[in-house]
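Each chain, letter by letter, is given below.
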Amino acid sequence: MKELINLDIVSTGNINNKNGVNTFMINIFKNQKLFKCHQINLNRLIVGGKVIKTNDSSNNEIVKNHNDNKLIKYLKYIKSTTIIGNIASFIINGPLQGIKNIRIVNKFKDDKTIFVQDIFSCLFYKKGNNKIIMTIHSSDNPLIQTYYNYPKFKGTFMENIMEYLLDKAILKCDATIVLGDVFKNQLINKGYENIYTVYNGIPKSKFIKKEKINQNSKVKIITVASINYRKGIDILIEAFLKLEIKYRNKISITIVGTGVDIKKFKALVSDNKLENHIKFLGLRNNIIELLVQNDIFLLPSRDEGLPIAMLEAMSVGLPLALTNVGSIPEVMEKDTYYPLEPTINSLVIFYQKLINNTIDLNKLSDKSVINFDNKFSINTMINKYCEIIKKVNY
């Protein structure tokens, strides 16, 4: 019998933030039994310099005890239009948290494989005889997202530094996992080795949307995303403004999430008196129930990896309207969703088709369920991760 593999999952950030990476890590720890079937033991979940969960703690302890002190909270969200402000915020959110993570990892002298979700925890870890695996939660160059968060880096010396750090992190890893074959092939063509693709997966929802969608009544649209420029929330609102006033009562839009641009986009809605048509719900813990209450899931992103919110919508049989970015066109067959471009005009046409009842939402609903079952179950994802972890260790 082969020896048990111990796995520490490590990431920068705050586990209380609602985003795809955190959802991924929480789902991993909540499905420890699937790993144990492969002789893999999930040791610890370490996020933002704190041990969030160990293999002997209950699942409800995952999101707990992760409150930053007031100084760190202030520094992490420096609002500055200068390169200095961007660099300060970047250092606090990235390298300093990476150092804290590795200090914790090194306190435990057990043999283990380190499964990192960020480049900084990877860079600061001294491997020794232990293995290191990194997931890049992107289907394209992850630095694109960095430049959305730190726009002053673009075109400066920081761009070269980020490229250098990403290169060093990938070279250090025994395996690097990405969310799409396009990005995987790009890395392989650059000479990197041990690059793998694993598509995101989530648990099957118990709230399957079985009832037919009544397209003769108001169509209810829902978006679940970080509220920022990258996710295209401004496009969603600006396109709605292009509709003739008499047609606006035919659709409603619910936006779930928060983010750096939420005040700006809320102001755009209120300034144009759209509060009765577009509602912001903020962070919510009942995402699945909210999805079931709506008729179609909309994600107008300018850039994506393989969005967890999209998978959650598929799991309840919600029809999808998605921009053709990231891994979406790779993993989704053309007739399984309504394709969009991240432009105002594309969203206007989409709204008009919903109003005119020319999109078969029930057909797309059926395809969402089938597509999810075939590609995106938590079992499929974990089995593929386990194959890679065992390949690296044996």
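The preceding data block contains the structure.
The backbone phi angle of Gln-39 is positive, close to 65°, even though this residue is not glycine. In this fold, Gln-39 is placed in the loop between helix H2 (32-36) and strand E2 (40-47). Of note in this structure, Lys-273 is not a glycine but carries a positive phi near 55°. Of the residues examined, Lys-273 reaches a relative accessible area of 69% and is grouped as exposed.

It is worth spelling out the nonpolar core at this point. Generally speaking, soluble globular proteins have nonpolar side chains that are buried together. Membership of the largest hydrophobic core comes to 34 residues, with the highest contact counts inside it found for Ile-278, Phe-350 and Tyr-351. Contacts of Tyr-351, omitting those with residues within four sequence positions, involve Ile-221, Leu-236, Ala-239, Phe-240, Leu-243, Ile-251, Ile-253 and Leu-298. With 32 residues, the next largest nonpolar core counts Ile-114, Ile-132, Phe-153 and Ala-169 among its residues.

Moving on: helix H10 (residues 233-241). Judged by how many residues are buried, H10 sits mostly within the fold: seven of nine residues are covered. All of the buried residues along H10 are Ile-233, Asp-234, Ile-235, Leu-236, Ile-237, Ala-239 and Phe-240. Buried-residue contacts for H10 involve strand E8 (219-224), strand E9 (251-256), helix H11 (262-271), strand E10 (278-282), strand E11 (296-299) and helix H15 (344-355).

The buried count for E8 comes to five of six residues, which makes it a mostly enclosed element. Two elements, E8 and E9, share six bridges in a ladder whose sense is parallel. Residue pairing for E9: Ile-221 is matched across the bridge by Ile-253. In terms of handedness, the path from E8 via H10 over to E9 forms a crossover that is right-handed. Note that E8 and E11 share two bridges and pair parallel. Note on E11: the bridge partner recorded for Ile-221 is Ile-296.

The tally for this structure, following the rule as stated, stands at 13 salt bridges. Residue Lys-112 is joined to Asp-110 by a salt bridge in which the shortest nitrogen-to-oxygen separation is 2.9 Å. Note on Asp-110: relative accessible area 24%, which makes it partly exposed. Among the salt bridges present, the one from Lys-184 reaches Asp-181, with a minimum N-O distance of 3.7 Å. Remark: Asp-181 and Lys-184 occur in helix H9 (residues 181-189); sequence separation between them is three residues, near one turn of the helix. Of the residues examined, Asp-181 reaches a relative accessible area of 30% and is grouped as partly exposed. Salt bridges linked by common partners bring Asp-8, Arg-44, Asp-110 and Lys-112 together as one network.

The next subject is the environment of Leu-364. Note that Leu-364 resides in helix H16 (residues 361-375). With 50 residues separating them along the chain, Leu-364 and Met-314 place their C-alpha atoms 9.8 Å apart. If we ignore the near neighbours within four places in the chain, the residues touching Leu-364 are Pro-319, Leu-320, Asp-335, Thr-336, Tyr-337, Tyr-338 and Ile-359.

Turning our attention to the pairing of strand E1 (residues 5-11). Among the seven residues that make up E1, six are buried, leaving the element largely enclosed by the rest of the structure. Relative to strand E4 (residues 113-116), E1 runs parallel, the two sharing four bridges. Its bridge partner lying in E4, Ile-9 is registered against Phe-115.

Our next topic: the sheet that holds strand E7 (residues 195-197). If you walk across this open sheet you meet the seven strands as E3-E2-E1-E4-E5-E6-E7, and the pairing is mixed. Each end of this open sheet is capped by a strand with a single partner; those strands are strand E3 (50-54) and E7. The mean angle between the axes of side-by-side strands here comes to 25°, regardless of whether they run parallel or antiparallel. Contacts from helix H1 (residues 20-30) reach E1, E2, E3 and E4 within the one sheet, and its direction differs from that of E2 by about 145°. Together, strand E6 (175-178) and E7 form the strand contacts of H9, whose direction differs from that of E7 by roughly 170°.

Attention now goes to the environment of Ile-84. Along the chain, Ile-84 falls in helix H4 (residues 83-93). It is 46 Å that separates the C-alpha atoms of Ile-84 and Val-219, two residues lying 135 residues apart in sequence.

Across the interface, H10 lies against H15 with an axial gap of 8 Å and an inter-helix angle of 60°. On the basis of the axis angle, H10 is oblique to H15. H15 is crossed by H10, and the crossing has right-handed handedness. Counted together, Ile-235, Leu-236, Glu-238, Ala-239 and Phe-240 of H10 and Ile-344, Leu-347, Val-348 and Tyr-351 of H15 form the full contact between these two elements. Residue composition of the contact of H10 with H15, by class: eight nonpolar, no polar and one charged.

Cut-off values and rules
- Along each chain, residues carry numbers from 1 onward, in the same order as the chain's sequence is written.
- With the structure being a predicted model, the display of local features is reserved for residues of pLDDT at least 70 and the display and counting of side-chain atom pairs for 80 or more, all residues being used for whole-chain, interface and lining totals.
- Where side-chain values are given, they derive from all heavy atoms of the structure, hydrogens and water being excluded.
- Secondary structure elements follow DSSP: runs of H or I no shorter than four residues count as helices, runs of E no shorter than two count as strands, and numbering proceeds from the N terminus.
- Think of it in three bands: with a 1.4 Å probe and only protein chains considered, a residue is buried below 20% of the maximum accessible area for its type, exposed above 50%, and partly exposed in between.
- The definition of a nonpolar core used throughout is a set of buried Ala, Val, Leu, Ile, Met, Phe, Trp, Tyr and Cys residues joined through side-chain atoms within 4.5 Å.
- Contacts are assigned to residue pairs with any non-hydrogen atoms lying within 4.5 Å of each other.
- Pairing between strands is defined by DSSP: at least two bridges between the two strands are required.
- Whether a crossover is right-handed depends on one test, that the path from the first strand over the helix to the second runs clockwise when the strands point away from the viewer.
- Each reported salt bridge corresponds to a side-chain nitrogen of Lys or Arg within 4 Å of a carboxyl oxygen of Asp or Glu.
- Lines fitted to C-alpha atoms define the axes, with helix axes restricted to the stretch in contact, and inter-axis angles between N-to-C directions lie between 0 and 180 degrees.
- Comment on the angle field: the value is read as roughly parallel under 35 degrees, roughly antiparallel over 145, roughly perpendicular from 65 to 115, and oblique elsewhere.
- Two helices cross in a left-handed way if the nearer one is turned anticlockwise from the farther one by less than a right angle. They cross in a right-handed way if the turn is clockwise.
- Any residue outside Ala, Val, Leu, Ile, Met, Phe, Trp, Tyr, Cys, Pro, Asp, Glu, Lys and Arg is labelled polar, Gly included; the first ten of those are nonpolar and the last four are charged.

Distances and angles like these do not, on their own, reveal function.
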